[in-house]
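Coordinates in review
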Amino acid sequence: MIHRTLNFPSLRKLLLQRGYYLSSSKIGAYNGYTSQPSPLPIPSDEEEYANVDWDNLGFGLMPTDFMYVTKCDAGQSFGDGQLNRYGNIELSPSAGVLNYGQGLFEGTKAYRTENGKLLLFRPEENAIRMKMGAERMCMIPPSIDQFVDALKRTVLANKRWVPPPGKGSLYLRPLLLGSGPVLGLAPAPEYTFLVYASPVRNYFKEGSAPLNLYVEEDFDRASRRGTGSVKTISNYAPVLMAQNRAKSRGFSDVLYLDSNSKKNLEEVSSCNIFISKGKKISTPAISGTILPGITRKSVIEIASDLGYQVEERVVAVEELAEADEVFCTGTAVGVAPVGSITYRNTRMDYKTGVRSICEELCKTILGIQTGSIEDKKGWIVEFD
């Protein structure tokens, strides 16, 4: 396995040396941020895991011990961040993120191996994507090195919340916020970069069962020359109406079409889409309206290595009727099989389960992410 190994000091021990109960006064409020103390004390270093029912872990917020926070003014660069107790943050009512939606987020996961190592999967790709999004949203991004360092520090500080091997992962949510006050429409004068964490398992309520999607024609996810290709917070709330409507009808989620012609596939609410026919796998090309998913990018490379013909191209909605398989990819969902898609009152069913392409790709990428399959590409960052 190719590892980029970090001999990181025991950050958790460093924090615990400052006191059994680390309140915000001991860790320090950071430039206007205040952290609410946890109702529970931090356990001793001997406690390997938090008190969690790992066998029944879902995908919901489970507050952990610490979050990483740093700030900078417009035109400057972020300095070293610090770890605060996880808790509420203080923002001006006129903050750019609250008034004009000037904000970005990312998502990645940390895994625990059988020998106790901690693994991150391609974190620099998340950093690069945040940097690209920040340029589009007129924001100051953290450097790639600082982004990755912030992830490592957050994981180490919350190590007891990283699930046991095979029981899930520690989901990491980096946020870049226009936190400075602004009244007129303009970039914020100050920015905050923070990372918090929560242990998670399956994203969809179906667990690993196949998804049932609904093709949405009344609403668009993104438009040409808009912000569909960056992970801005303003892209996500608008999908809730269509998603809620689909779920009320028994569907798992919504599959969107292009806003221009309504003839071509784009993506699901929070993940990319693939279809397969024989040994050929196709996914909509990145064209400014589709988020360039890191799992998507990785699956394309893995599938090619496994001998599949992978195409990034325009995929017409009519091709759903001829596909053998359909699956979704994303950090939160992993590689998720689609059992059926309903389009204009016609339900189309797809192969799932044993010996499917989706299963092969899912096992391969998850194996790399968790360390059970050799990483020959240098995608894994290992630390402890």
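Keep in mind it's a predicted model, so treat the numbers as computed, not measured.

A tally of helices and strands in the chain yields 8 helices and 18 strands. Counting across all 384 residues of the chain, residues that qualify as buried make up 53%. The contacts in the chain between residues at least 6 apart in sequence include a share of 74% that link residues at least 24 apart. Total accessible area on the chain stands at roughly 16,900 Å², and carbon and sulfur atoms take up 51% of it.

Attention shifts here to the packing of aromatic side chains. All told, the structure shown has 11 aromatic pairs when counted by the stated rule. Plain terms: the ring middles of tyrosine 68 and phenylalanine 193 are 6.0 Å apart, the flat faces sit at 70° to each other, and that makes the pair edge-to-face. Of this pair, tyrosine 68 sits in strand β2 (residues 66-73) while phenylalanine 193 sits in strand β8 (residues 190-200), and the two are 125 residues apart along the sequence. Centroid distance tyrosine 214 to phenylalanine 251: 5.2 Å. Interplanar angle 40°. Geometry classified as tilted. Taken as a pair, tyrosine 214 in strand β9 (residues 211-216) and phenylalanine 251 in the loop between α6 (240-248) and β10 (253-257) lie far apart in primary sequence, 37 residues in all. Residue phenylalanine 251 is classed as buried on the basis of its relative accessible area, which comes to 16%. An aromatic cluster is present here, built from Tyr68, Phe78, Phe147 and Phe193 joined pairwise through their rings. The positively charged end of arginine 85 is found above the aromatic ring belonging to phenylalanine 66, 5.5 Å away from the centroid.

With 88% of its residues at a pLDDT of 70 or more, the chain has an overall mean of 90. Long-range and interchain partners of residues 5-11, a stretch whose pLDDT sits below 50, account for 15 contacts in this model, where long-range means more than four residues apart. Note on residues 14-44: pLDDT is under 50 here. Beyond four places in sequence and across chains, it has 68 contacts.

Now for the side chain of lysine 231. Counting through the fold element by element, lysine 231 comes out in the loop between β9 and α6. No salt bridge is formed by the buried lysine 231, whose closest oppositely charged neighbour, glutamate 106, lies at an N-O distance of 5.9 Å. Of note is the side chain of lysine 231, whose polar atom sits 3.1 Å from the side chain of tyrosine 236. The contacts of lysine 231, once residues within four sequence positions are left out, are Leu104, Phe105, Glu106, Gly107, Arg129, Tyr236 and Leu291.

Conventions used here
- Residues numbered from 1 in each chain as written.
- Predicted model: local features only at pLDDT ≥ 70, side-chain atom pairs only at ≥ 80, totals over all residues.
- Heavy atoms only, no water.
- Helix = DSSP H or I, 4+ residues; strand = E, 2+ residues; numbered from the N terminus.
- Buried < 20%, exposed > 50% of the residue type's maximum accessible area, 1.4 Å probe, protein only.
- Contact = heavy atoms within 4.5 Å.
- Areas by Shrake-Rupley, 256 points an atom, 1.4 Å probe, with all protein chains shown as cover.
- Phe/Tyr/Trp six-rings, centres within 6.5 Å; stacked < 30°, edge-to-face > 60°.
- Lys NZ or Arg CZ within 6 Å of the ring centre and 35° of its normal.
- pLDDT = per-residue confidence, 0-100.
- Lys, Arg positive; Asp, Glu negative; His and termini not counted.
- Salt bridge = Lys/Arg side-chain N within 4 Å of Asp/Glu carboxyl O.
- Polar contact = N/O pair within 3.5 Å; in protein donor to acceptor, adjacent residues only side chain to side chain.

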